[in-house]
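# An overview of the molecular structure
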Amino acid sequence: MRSLVLIGHGSHLNSESAGAVYRYAELLRERGLFDEVVEGYWKEEPSLRQVLRTCRYTDVTVIPMFISEGYFTETVIPRELGLGHQGPVPPEGIARVLGGKTVRYTLPYGVHASMSDVILARAHEALPDANAQDTALVIIGHGTTRNENSNRVIHQNAERLRAAGLFAEVHALFLDEDPRLSTWTDVVRSPRVVMVPFFASEGWHTLETIPEDLGLTGEVTTFGAQTVYYSKPTGTHAMVADVVLNLAEGARGQSLQGGDVDAHHAQAWDTFMRLAQGGVRLGEAVITPQAGVFELRHMLDEGRGNAGLHTVVTPEGVRDVVREDEGGHHRPVHTLRNLPRGWRAVLSAEDLPRAVHYLYPAVVEESFACHTHALHTTPWATTARRQTGIYTKVQSATAEQVEAAARDVCSRCLKTRLWASQKLDSTVFDGVPGGIPCPEACTLLVAEVRERMSAKAGGGHHH
Ligand code: SF4
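Keep in mind that what you see is a predicted model, and the values were worked out from it rather than measured.

The next subject is helix α1 (residues 19–31). Given a rise of 1.5 Å per residue, 13 residues ought to cover 18 Å, and the 19 Å separating the end C-alpha atoms of α1 matches this to within 8%. Every buried residue belonging to α1 is among Gly19, Val21, Tyr22, Tyr24, Ala25 and Leu28, and all of these are buried. Directly beyond the C-terminal end of α1, a positive phi value near 70° is found at glycine 32.

Here is the structure:
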C-alpha cells in the first residue's frame, strides 16, 4: 500500500494556483499506480506541515511539482516536511522514516530528462519546420542568485538538445542572470530563432517581462535579418503529465515492499465514519446519512430544499465548491468561517473521507490526535525560528505583533490556537463541531506577521 503526495506552491490569494497540481493528482489517481494520491501546499491546505499526517499508508512518496531545483525544493519543502535535509537532493532522492512512515522525497518533475522532449515539442509548435540548418533554439530561464542549482536544469536541457543536433545552435539565456536574454543578438547567428520559456506556467514573466525585454510584438517578430518565434511555456504542455507519470513510476519502483495502513490514520477515520453514520456536524458543515449515502452541506442550509442547491457528487466537486467564499475570494485556510452556502454533496461511504479531507484538510486527523492527547503543538517561537528567505524577519516579531496579527486572521478561523496556549477540551469527537485544534501557526498567519512588520518598517511590500 502506497501513498503519493504531490507538492505545489499554492497561493494565499489566487484560487487558480493549485489547479495544475489538482489536475496531475487526478491523472495519477486514474492511472492507479499508487493506492492514494494526496496534494499538499506551501501556502494552502493541507500544508506541508500537515500533509504526511493525512496519508493513509506508511509508505509515502513525495514529488515536488516544481519546474526546477531551488529554494523551495531544497530548503522549504524538506524543512517543512521535517526531512532533516537541506540543500541539493541526490538523483535517487531522500528517504526518511518519520512518525512511523517511510517517506521518499524525489527531485522536482522539471529536472526529469524527458523535459527535453517537452521543450522540443514547444519549439515545433512555434516553428514546425525548425531545423539544423537555419534555426537556433533559445531556452529561456528565470535565473536567480539565490540558488545556483535552479538554473542547472536549463543548461542540462540545452546540452542535451545541442547533442541531438536538431538545431543549428542551442543557447540557455536568463532573465535575471548571465548570460542574459537581452544579449541574444550578440550570441545567436541563425536567421530563425525559436525561444522557449522554461517556466512552470503562463504568467507575468512569460506574458510581460520576456516579451517586453525582447521587444516582441506577438508569436512571430522580425528583427532585421532574424525572426523570433516565441513559444508557450514548457510547464503547461500536456506532455508534462507523462513526465510526472515517469517520475512517479520511477519512485514507485524504489518502494519495493510498500507499506501498511497507518494505524493512527485508520483509527481517526474509522471513528469519524462511525460518527457520520449517526449524522455529524463539523465546522460549518453537516453530514447526514441518507439511504446508504451521505449528504454534506453548509449547516445554515439545513432545511433548505434540494432544488435550490447546487448538487455535487464527487470529492473533487466538494473541493471545487469550497475553494472560494460566496464573494469569489480564495480560501487558503479552509477553517476560516467563510464556507460558502448554496450547495450539497451526495457521497458514497467510500468517497466521504476524501470529500471531508477537501472540505477541512487534516481536521479529522488533528482533531482525533487532540482527542486522544497525541497532538504535538509547536509554539510560535519554534515556527518563527524555522522561517527562511523573506520570512526570516518574523523571528524578531514581538508577542504583541503576533497577537495583533492573530486577532486579525485567527479571529476569523474556527480553530483554537493551541500554539498560543489556548485550551481545547472538546472536539468533533466529543460532539463539538467547532472544536478544531490549531497545533501550529499556519503560513497565512506567518505572512500576516511579516506584512505588519514590513508595513511598520515603512517597506509596505505586499506579500
Ligand atoms: S494560525 Fe490562525 S488562521 Fe491559521 S489555522 Fe491557526 S487559527 Fe486558523
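On we go from here.
Here we take up the packing of helix α8 (residues 263–277) against helix α10 (residues 352–359). Following both chains from N to C, one finds α8 and α10 inclined at 100°, their axes separated by 11 Å at the closest point. In this view, α8 runs roughly perpendicular relative to α10, as classed from their interaxial angle. Every residue of α10 that contacts α8 at Trp269, Phe272, Met273 and Ala276 is listed here: Leu352, Pro353, Val356 and His357. Here the contact of α8 with α10 is composed, by residue class, of seven nonpolar, one polar and no charged.

Before going further, it helps to examine the confidence of the model for the protein chain. On average, residues of the protein chain carry a pLDDT of 92, and 97% of them reach 70 or more. Here residues 459–463 is modelled with pLDDT under 50, and outside its nearest four sequence neighbours on either side it reaches 14 contacts, counting other chains as well.

Under the UniProt annotation, "domain: DR2241 4Fe-4S iron-sulfur cluster binding" (unreviewed entry) lies at residues 373–451. Summarising residues 373–451: 34% helix, 8% strand, and an end-to-end C-alpha distance of 34 Å.

Two elements in contact, helix α13 (residues 399–409) and helix α14 (residues 443–456), have axes separated by 9 Å at closest approach and are oriented at 120°. If you check the angle between α13 and α14, you find them oblique. Here α13 and α14 pass one another in a crossing that is right-handed. Contact residues: α13 offers Gln401, Val402, Ala404, Ala405, Ala406, Asp408 and Val409, while α14 offers Leu444, Leu445, Glu448, Val449, Arg452, Met453 and Lys456.

Under the feature "domain: DR2241 stabilising" (unreviewed entry), the UniProt entry names residues 265–370. End C-alpha to end C-alpha, residues 265–370 measures 13 Å, and it is 34% helix and 22% strand.

Now for the layout of surface pockets. When its volume is computed, the second largest pocket comes out at roughly 1100 Å³. Together, 50 residues line the second largest pocket, and Arg49, Gln50, Arg53, Glu366 and Pro439 are the ones closest to its centre. Counting residues per element, the ones that place at least two in the lining of the second largest pocket are α2 (71–81), α8, α11 (363–371), α12 (380–386), β16 (415–417) and α14. Of the residues belonging to the lining of the second largest pocket, the class tally is 22 nonpolar, 14 polar and 14 charged.

Attention now moves to the side chain of serine 454. Position of serine 454 relative to the elements: it lies in helix α14. Serine 454 gets classed as buried once you look at its relative accessible area, which sits at 3%. For serine 454, the side chain forms a polar contact with the side chain of lysine 393, separated by 2.9 Å.

Below, the discussion takes up the environment of alanine 397. Relative to the helices and strands, alanine 397 resides in the loop between α12 and α13. You can call alanine 397 buried: its relative accessible area is 14%. Leave out the neighbours within four places in its chain, and alanine 397 touches Val402, Val449 and Met453.

Strand order across the open sheet formed by five strands is β2-β1-β3-β5-β4, with mixed pairing between neighbours. Edge strands, defined here as strands with exactly one partner in the open sheet, are β2 (36–41) and β4 (94–98). Adjacent strand axes in the sheet meet at a mean angle of 25°, parallel and antiparallel pairs treated alike. Relative to strand β3 (residues 59–64), strand β1 (residues 3–8) runs parallel, the two sharing five bridges. Within the sheet, the bridge partner assigned to valine 5 lies in β3 and is valine 62. On top of the sheet, α1 reaches β1 and β2; it is set at about 170° to β2, its chief contact. Packing against the sheet, α2 makes contact with β1, β3, β4 and β5 (101–105), and its axis sits at approximately 170° to β5.

Cut-off values and rules
Residues numbered from 1 in each chain as written. Predicted model: local features only at pLDDT ≥ 70, side-chain atom pairs only at ≥ 80, totals over all residues. Heavy atoms only, no water. Helix = DSSP H or I, 4+ residues; strand = E, 2+ residues; numbered from the N terminus. Expected span 1.5 Å × (residues − 1). Buried < 20%, exposed > 50% of the residue type's maximum accessible area, 1.4 Å probe, protein only. Axes fitted to C-alpha atoms, helices over the stretch in contact; angles between N-to-C directions. Parallel < 35°, antiparallel > 145°, perpendicular 65-115°, else oblique. Contact = heavy atoms within 4.5 Å. Nonpolar A, V, L, I, M, F, W, Y, C, P; charged D, E, K, R; others polar. pLDDT = per-residue confidence, 0-100. UniProt positions renumbered as here; feature names shortened; annotations may be inferred. Left-handed = near helix turned anticlockwise from the far one by under 90°. 1 Å grid on protein atoms, 1.4 Å probe; cavity = no way out; pocket = protein on both sides within 12 Å on 5 of 7 lines; lining within 4 Å. Points joined across faces, edges and corners; volume = space filled by probe spheres on them. Polar contact = N/O pair within 3.5 Å; in protein donor to acceptor, adjacent residues only side chain to side chain. Pairing = 2+ DSSP bridges.

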